[in-house]
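Below, each chain spelled out in residue letters.
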Amino acid sequence: MNLHQLTIAELRRLLDNREVRPQEILDDIYKRIGDVEGKVNAYITLTKEKAYEMAHQAEEAIIENRASLLTGIPVAIKDNLCTKGIETTCASKILKGFVPPYESTVTTRLTEQGYMIVGKANMDEFAMGSSTENSGFHTTSNPWDLERVPGGSSGGSAAAVAADECIAAVGSDTGGSIRQPASLCGVVGLKPTYGRVSRFGLVAFASSLDQIGPLTKDVTDSAIMLSAMAGHDPMDSTSAPVEVPDYAKALGQEIKGLRIGIPKEYFVEGMDKEVDASVRTAIKKLESLGAVIEEVSLPHTGYATATYYILATSEASSNLARYDGVKYGFRAEGKDLMEMYMNTRAQGFGPEVKRRIMLGTYALSAGYYDAYYKKGQQARTLIKRDFDNAFEKVDVIVTPTSPSPAFKMGEKTTDPLQMYLSDIFTISVNLAGIPAISLPCGLTSNGLPIGLQVMGKHFDEETILRVAYAYEQSTDWHVRRASL
Amino acid sequence: MSTTSGKYEVVIGLEVHAQMATDTKIFCGCSTKFGSGPNSQTCPVCIGMPGVLPVLNRKAVEFAIRTGIATNCTISPYSRFARKNYFYPDLPKGYQVSQYELPICEHGSIEIVVDGETKTIGITRIHMEEDAGKNIHEGSGSYSFVDLNRTGVPLMEIVSEPDLRSPQEAAAYMKKLRTILRYLGVCDGNMDQGSLRCDANVSIRPVGQKEFGTRTELKNINSFRFVEKALEYEIKRQIKVTEEGGRVIQETRLWDSAANVTQSMRSKEEAHDYRYFPEPDLVPIVTPKEWIDEIRSSLPELPDDKRHRFISDYGLPEYDADLLTSERSTADWYEEAVKAGGQPKAVSNWMMGELMRLLNEENRSIEDCLVKPGLLADMLKLMDSGTISGKIAKTVFEEMYRSGKDASVIVKEKGLVQISDTGALETAIDEVIAANPSETERFRGGDEKLMGFFVGQVMKATKGKANPGMVNELLKKKLQG
C-alpha cells in the first residue's frame, strides 16, 4: 500500500483500526521523500528524529484509545512557524541557525492533536513572493512540471502535499500565500478569517494580514486541519474569542438554494483563457448542484494590489527591524555598531525583502504617511465595505484563485510588478480579513492545475468548506496526481 | 530666578516618564523588580524574538486611567498603541510600542503653589508605552553591554502644556506630579532608580511677545535639583545667545550633571523620523464607562483635597498642611496621631520638628519608624497633664524614636516625672539660695537678670525635672521674701 498517497481521513481509519502503525506511515513518507525530494526540493529541514519520537507517542495514544484528529499523521510545517528546538529560518540567510526556544501556538495545537512533523517547508524569504524563488536557500519545483514554480510564498508546503511528501501541510497567507500555491500545485488551500487562528510563533511579515492555514489533498482534510488549529489564544490579542464549530459537520450538506456571487471585476481581460473557461465550467457545476448564481460587484478591486503593497510593506519594514545581527541568526562584521547593522542587513536579506523594507519605510516616512499609508488604510476600509455589501446579497463569492497556471521559473523574477499581479485575485481577501479556500477545478491542455477560489463571510469557514466539498464530490480533480 | 528674566519670559513644558508600579511588564509576564542580575528578567516577548506577540497588561491600563482621573484628564473611550521605529541596541524589536494618535488620557491639569501663589498647569496628554533596555558601558573592550531587564516595563509619559514660567515652577510641578503618583500607588517616584525621569522643552521670548521662541529639548534630567539647575543653565544660555545677536536653534540637548552644562546632542535636521503607525499586533483599547467609574470610586483622597481638609478640619496653617500631605504615609500618620487624642497643631509641630529631623538623620521612612502615632499622642497628654516638661519631652521623644516604648514607661524607667511637689521644690530652692549668698544679695539689690541663673541652678539640682512654672513662682517668692 502506498500510504503516502492517502488522505488524513483515510489514514485515520487505518490507524484507528490498528491496520497501520504511525512509524510505518513515516517510513513510507521518508521513502517517498528519498525518491522525489531531489526533484521537488520542497523542504528546508527534515525533522526525521523528532518525527519518529512523535510517532512513538502517537502509537501509545492509539493503543490507549486517546487518539485525536491528527494522531499519527505526518504534516509539513512552513519554515516561518517557530518550532522549539528546530531551526526556523523563514528561508532567510539572516535567520540561518536560529533555533527558537518556544513553540508556535499552531504547532502546539497540532502536537496536542498528535501530529508528526515531517520537516520545515521551503518558502519565499519572509513569505514575500509568489513563486518560492525568493527563498534564500533554494527554489522548489512544481511537481506537475519541474521547470515551473509551485507558487508562493507557501510553495514548499504546496509542493510537498502535491508530491505526496507529506499528508498535509501548514502554510501562511498574507496576500494569497496559501491559496495561490495550492492553485498552482493542484491541492486545497484554506486561508481562515483573520483572528480565527493564533499567529503566536508565526514570524511576522504583515501582522494585520498574516493568517495561518492548511494545505491538504482534499476539502475533508482541510476541515480536519482547521478544526485542529483554530480557536482563541490568550497569547495573541488579535485572535478572536469566537467559538470554533466542528468543521467536518459542515461537509456533505447540500448547497441547494445557496447564493453564490460572481464578481464581474474578477473576470477581466488578460486572464488565461483556460483558467477562465475552467472556472466558468465550475460555476455551472455549482449551479447544477442547486446553487443560485448572481453577479455581484466589488468596485474597489482595482485598488487592492496597490493598497496591499503599501500596507503590507509598511508593517514589514517595522516587523523586520529586529533582524539586526545582535541577538540571533546571522551577523556580519563591521567596524562599529552602525556598520555591523548595515552589513548584516545588506548581506542577510535577499533583494525582494530589501525592496519591500524600502517601500514600507518610504510609505511611513514623515511627509509621505498621509499620501501612502493613510490612503492605504482608507482604501482598505472601502475594499472591506465592498465585501460587506456583496455578502448582504450572497452567501459566498466564487472567483479564480490565480489569473494563470504555474509559470516557468525565472519568467517573472526580473519584473517584480508582473510577479505582484499573480496575487490580484487573492489579496482583497486578506485586506477584508475574510476566509477563502482554493481547490482544484481543472487542468490546462499541458496538464497544469487550475484553482477555484471560494470566499466567505467573517468567521463563516463552514459555508466555504460546504461549497468546496459539494463541488469536489461532484468532480474528480482532487484525485488527480502529478506524475513524478 | 523670577518668572521673567529681565526682559525675557521663560516658557517651559515637561515630559515626565513614570515607571508604573505593576508587578509584571506591560506586554509579558516578566517581573519589573529593580536591581536583579542583567537580563535575568526577560523572555522571548520582551526581548523581541521572531514570531512572538505582545499581550497588554490590564493593570497598566488601570494605572494610566487612575493617573488620568487624578489629573483631571478626559479618559478616551477608545485608544490605541502605535509603533515608534528606530534602531538602538537597547531596543530589541527596532521599535517601541507607544501611543501616538489616540492616547489613553488627554486635556488634564494640576495645581502647583510657588511663593504662596497657586497656578494651574495644563496636561496635554498621558500615554502608555514600554520602557527600553539599558546600555552599559563598562570595561576596556571595544563593545558595550545591554541589559534588557527594563525592556517592557510599563511607562506613562505625562506631557504638560507649555504653562511653566520658571525653573522653580518646573520643579514644583515635578514634585506635585510625584506626590500624586505616589498617592495613587502607580509609581514609586524613585528618581535615583530612574522610576521617574523628565525631559524639558524650554524657550525664551521678549516679555509681551505672544509667539513662542525656538525651543530646545533637554534630556536626562533625573532629580528635582537637576530640573532647576539644567533649566537655569539653559535659560541663561539662550539669553546669552540672543543678547549676542545669535539665534537659538531647535535641537536636543543633554544635561551633563557633572559639568553642570547642557550639550548639543542632535539638531532638528538630525532628528529621527519615527514612522509611527498603529500597532497591528494589539487591538484597540476600549475603556467602558463602568470601568472608569469603578476606578474613579477606588481612588484615594488626593493631595490637594487632603491639604484643604487639613486646613479646615484641623485649623493648620497652609505651610503645615502642605508639608504633612506631601506624602500619603505622612498624612496618614498625622491623622492617626490626632485621632488618638493629640492636639492637631501640637502633633504637627512635633512631626515637622523632632520626627522629621530624626527620620532625615537616618534617611528612614515614616512607615518603618518605631514611634507609632498613638505614642506621640500619649506623650502629648503627659505634657498637658504636667507630668513632663517640654524640655523633658524632647528626651522622651527621642527615646521613643529609638525604642518604640510608651512615653509613660520611659518616664518611669528614667525617673523623668516632673517635680511639681511644692515641698520638694522649696527644699531645692532653699539649698540653692543658701549656696549662693552673693548672687542672692545682688538680686535683692535689684539685679533681676540673675533670675535666670537661679532657675538654672534649681533645674540642675533637680536634673531638669522641676516644673519650670512652679520654680519661677517659688523662686520669686523666696528671693523677694
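These numbers come from a predicted model, not from an experiment. (Residues numbered from 1 in each chain as written. Chains lettered and ligands numbered in written order. Predicted model: local features only at pLDDT ≥ 70, side-chain atom pairs only at ≥ 80, totals over all residues.)

1. Regarding the overall build of chain B
The following threshold applies: Strands are runs of DSSP state E lasting at least two residues, helices are runs of H or I lasting at least four, and both sets are numbered from the N terminus onward. Based on C-alpha atoms, the radius of gyration is set beside the globule rule, defined as 2.2 Å times the residue count to the power 0.38. With C-beta atoms placed from the backbone, the exposure class of a residue follows from how many other C-beta atoms lie within 10 Å of its own: 20 or more, buried; 12 or fewer, exposed; in between, partly exposed. Note that contacts rest on C-beta atoms placed from the backbone: two residues are in contact if these are within 7 Å.
Scanning chain B from terminus to terminus reveals 15 helices and 17 strands. Here the C-alpha atoms of chain B give a radius of gyration of 30 Å, more than 25% beyond the 23 Å that 2.2 N^0.38 yields for 481 residues. Dimensions of chain B, computed from the C-alpha atoms along their principal axes, are close to 95 × 55 × 55 Å. Among the 481 residues that make up chain B, the fraction classed as buried is 40%. Nonlocal contacts in chain B, meaning residues at least 24 apart in sequence, comprise 70% of its contacts between residues at least 6 apart.

2. Some points on the overall build of chain A
For chain A, the count of helices and strands is 16 helices and 11 strands. Relative to a compact globule of 484 residues, whose C-alpha radius of gyration would be 23 Å, chain A shows 21 Å and is just as compact. When the backbone C-alpha atoms are referred to their principal axes, chain A occupies close to 65 × 50 × 45 Å. Per-residue burial over chain A gives 61% buried out of 484 residues. Put simply, 76% of the contacts in chain A that link residues at least 6 apart link residues at least 24 apart.

3. Things to note about the sheet that holds strand β6 (residues 95-98) of chain B
Residues and elements named next belong to chain B. We apply this condition: Strands qualify as paired when DSSP identifies two bridges or more between them.
Spatial ordering of the open sheet is given by β6-β5-β16, a layout of 3 strands whose pairing is antiparallel. Of all strands in the sheet, those with a lone pairing partner are β6 and β16 (277-278), marking the two edges. Across 2 bridges, strand β5 (residues 82-85) lies against β16 in antiparallel orientation. Directly across from Ala82, in β16, lies its bridge partner Pro278.

4. Points about the packing of helix α14 (residues 451-461) of chain B against helix α15 (residues 468-480) of chain B
Residue and element names in this part refer to chain B. Heads up, the condition is: Between N-to-C directions, angles cover 0 to 180 degrees, with each direction set by a line fitted to C-alpha atoms, over the stretch in contact for helices. Just so you know how the angles are binned, under 35 degrees is roughly parallel, over 145 roughly antiparallel, 65 to 115 roughly perpendicular, and the rest oblique. Here is the rule for handedness: rotate from the far helix to the near one, and if that takes an anticlockwise turn smaller than a right angle the crossing is left-handed, while a clockwise turn gives right-handed. Three residue categories are used. Nonpolar comprises Ala, Val, Leu, Ile, Met, Phe, Trp, Tyr, Cys and Pro, charged comprises Asp, Glu, Lys and Arg, and polar comprises the others, including Gly.
Interaxial distance between α14 and α15 falls to 10 Å at its minimum, and their mutual angle equals 120°. It follows from the interaxial angle that α14 and α15 lie oblique. Along this stretch, α14 crosses α15, giving a crossing that reads as right-handed. Side by side, α14 and α15 meet where Met451, Phe454, Val455 and Val458 of the first sit next to Val471, Asn472, Leu475 and Leu479 of the second. Its residues placed into classes, the contact of α14 with α15 shows 7 nonpolar, 1 polar and no charged.

5. Observations regarding the pairing of strand β9 (residues 396-400) of chain A
All names here are of chain A. Across the 5 residues that make up β9, a large majority, 5, are buried. In terms of strand pairing, β9 meets strand β11 (residues 449-455) through 4 bridges, oriented antiparallel. For Ile397, the partnering residue across the bridge sits in β11 and is Met455.

6. Considering the interface of chain B and chain A
Taken together, the contact pairs 25 residues of chain B with 35 residues of chain A. When its residues are assigned to classes, the side of chain B that touches chain A shows 16 nonpolar, 4 polar and 5 charged.

7. Things to note about the pairing of strand β2 (residues 74-78) of chain A
Each regular strand carries side chains that alternate between the two faces of the sheet. All names here are of chain A. Just so we agree on the cut-off: The handedness rule is simple: strands pointing away from the viewer, and a clockwise path from the first strand over the helix to the second, make the crossover right-handed.
Across the 5 residues that make up β2, a large majority, 5, are buried. Covered by surrounding structure in β2 are Pro74, Ala76 and Lys78 together with Val75 and Ile77, the residues of both alternating faces. Here β2 pairs with strand β3 (residues 116-121) via 5 bridges, running parallel. Across the sheet, the residue bridging to Ile77 is Lys120, located in β3. On the question of chirality, the crossover connecting β2 to the parallel β3 by way of helix α4 (residues 105-112) is right-handed. In this sheet, strand β4 (residues 168-173) lies alongside β2 in parallel orientation, the contact comprising 3 bridges.

8. Structural notes on the packing of helix α10 (residues 304-319) of chain A against helix α12 (residues 351-364) of chain A
The angle between the axes and the distance between the axes are what describe a pair of packed helices. All names here are of chain A. It is the contact of α10 with α12, at a shortest axis distance of 7 Å, that shows an interaxial angle of 100°. When the interaxial angle is binned, α10 and α12 end up roughly perpendicular. Judged by residue contacts, Tyr309, Ile310, Thr313, Ser314, Glu315, Ala316 and Ser317 of α10 engage Arg356, Ile357, Leu359, Gly360, Thr361, Ala363 and Leu364 from α12. For the contact of α10 with α12, a count of residues per class yields 7 nonpolar, 5 polar and 2 charged.

9. Regarding the confidence of the model for chain B
Residue and element names in this part refer to chain B. The condition is simple: Values of pLDDT, ranging from 0 to 100, describe the predictor's confidence in every residue of the model.
Of all residues in chain B, 99% have pLDDT values of 70 or greater, and the mean over the chain is 90. Here strand β1 (residues 4-5) is the element of chain B with the lowest mean pLDDT, 53, and strand β11 (residues 154-160) is the one with the highest, 98. Quick note on the complex model: pTM equals 0.89, ipTM equals 0.95.

10. Examining the sheet that holds β3 of chain A
All names here are of chain A. Taken together, 11 strands build an open sheet; the order of strands is β1-β3-β2-β4-β6-β5-β10-β11-β9-β7-β8 and the sheet is mixed. Lying at the two open borders of the sheet, with one neighbouring strand each, are β1 (43-46) and β8 (292-296). On average, each strand axis in the sheet is tilted by 30° relative to the strand beside it, whichever way the strands run. On top of the sheet, helix α5 (residues 155-162) reaches β1, β2, β3, β4, β5 (188-191) and β6 (211-216); it is set at about 155° to β4, its chief contact.

11. Concerning the environment of Asp173 of chain A
All names here are of chain A. Residue position: Asp173 is located in strand β4. A count of 29 C-beta atoms within 10 Å places Asp173 in the buried class. In sequence terms Asp173 and Ser153 are 20 residues apart; their C-alpha atoms lie 7.9 Å from each other. Not counting residues up to four positions away in its chain, the partners in contact with Asp173 are Ile178, Arg179, Lys191, Gln211, Gly213 and Asn430.

12. Some remarks on unusual backbone geometry
Residue and element names in this part refer to chain A. In this model, Gly152 is joined to Ser153 through a cis peptide bond whose omega is 10°. The residue Ser153 is located in the loop between β3 and α5 in this model. Although it is not a glycine, Asp164 adopts a positive phi angle of roughly 60°. Its identity as a non-glycine residue notwithstanding, Phe459 has a phi of 60°, on the positive side. With respect to the helices and strands, Phe459 occurs in the loop between β11 and α16 (461-473). Residue classification places Phe459 among the buried positions, given that 20 C-beta atoms sit within 10 Å.

13. Side note on the environment of Leu465 of chain A
Residue and element names in this part refer to chain A. Mapped onto the fold, Leu465 is located in helix α16. Between the C-alpha atoms of Leu465 and Leu69, which are 396 residues apart in sequence, the distance is 18 Å. The contact partners of Leu465, leaving out residues within four places of it in the chain, are Val219, Ser222, Ala223, Tyr247, Ala250, Leu251 and Ile437.

14. Notes on the environment of Ile121 of chain B
By the secondary structure assignment, Ile121 of chain B is in strand β8 (residues 117-130). Once the C-alpha coordinates of Ile121 of chain B and Cys43 of chain B are considered, the two residues, 78 residues apart in sequence, prove to be 40 Å apart.

15. Digging into helix α2 (residues 22-40) of chain A
Residues and elements named next belong to chain A. Threshold: What the bend at a residue measures is the angle between two axes, fitted to the seven residues ending there and to the seven starting there.
The sharpest bend along α2 measures roughly 45° and falls at Gly34. Looking only at α2, the buried set comprises Pro22, Ile25, Leu26, Ile29, Tyr30, Ile33, Val36 and Val40. Tucked inside the fold, the buried residues of α2 contact α1 (8-16), β1, α3 (48-63), β2, β3 and α5. Of the residues one or two after α2, Asn41 is the one with positive phi, at around 55°.

16. Overview of the nonpolar core
Our working definition: Note on terminology: a nonpolar core is a set of buried residues of type Ala, Val, Leu, Ile, Met, Phe, Trp, Tyr or Cys, with members joined through C-beta atoms within 7 Å.
Counting 222 residues, the largest nonpolar core has Val75 and Met116 of chain A as its most contacted members. The leading source of residues in this core is helix α2 (residues 167-184) of chain B, at 9 residues.

17. Considering helix α9 (residues 273-288) of chain A
All names here are of chain A. Let me state the cut-off plainly: In this analysis, the expected span of each helix is defined as 1.5 Å times one less than the number of residues it contains. Here, the arc refers to the directions that run from the helix axis to the C-beta atoms.
Here α9 contains 16 residues, and its C-alpha end-to-end distance of 23 Å stays within 8% of the 22 Å for a straight helix at 1.5 Å per residue. The complete set of buried residues in α9 reads Val275, Ser278, Val279, Ala282 and Leu286. Angular distribution of buried residues about the axis of α9 spans 95°; they occupy a single face of the element. For α9, exposure combined with an orientation more than 90 degrees from the buried face picks out Lys273, Lys284 and Ser288.

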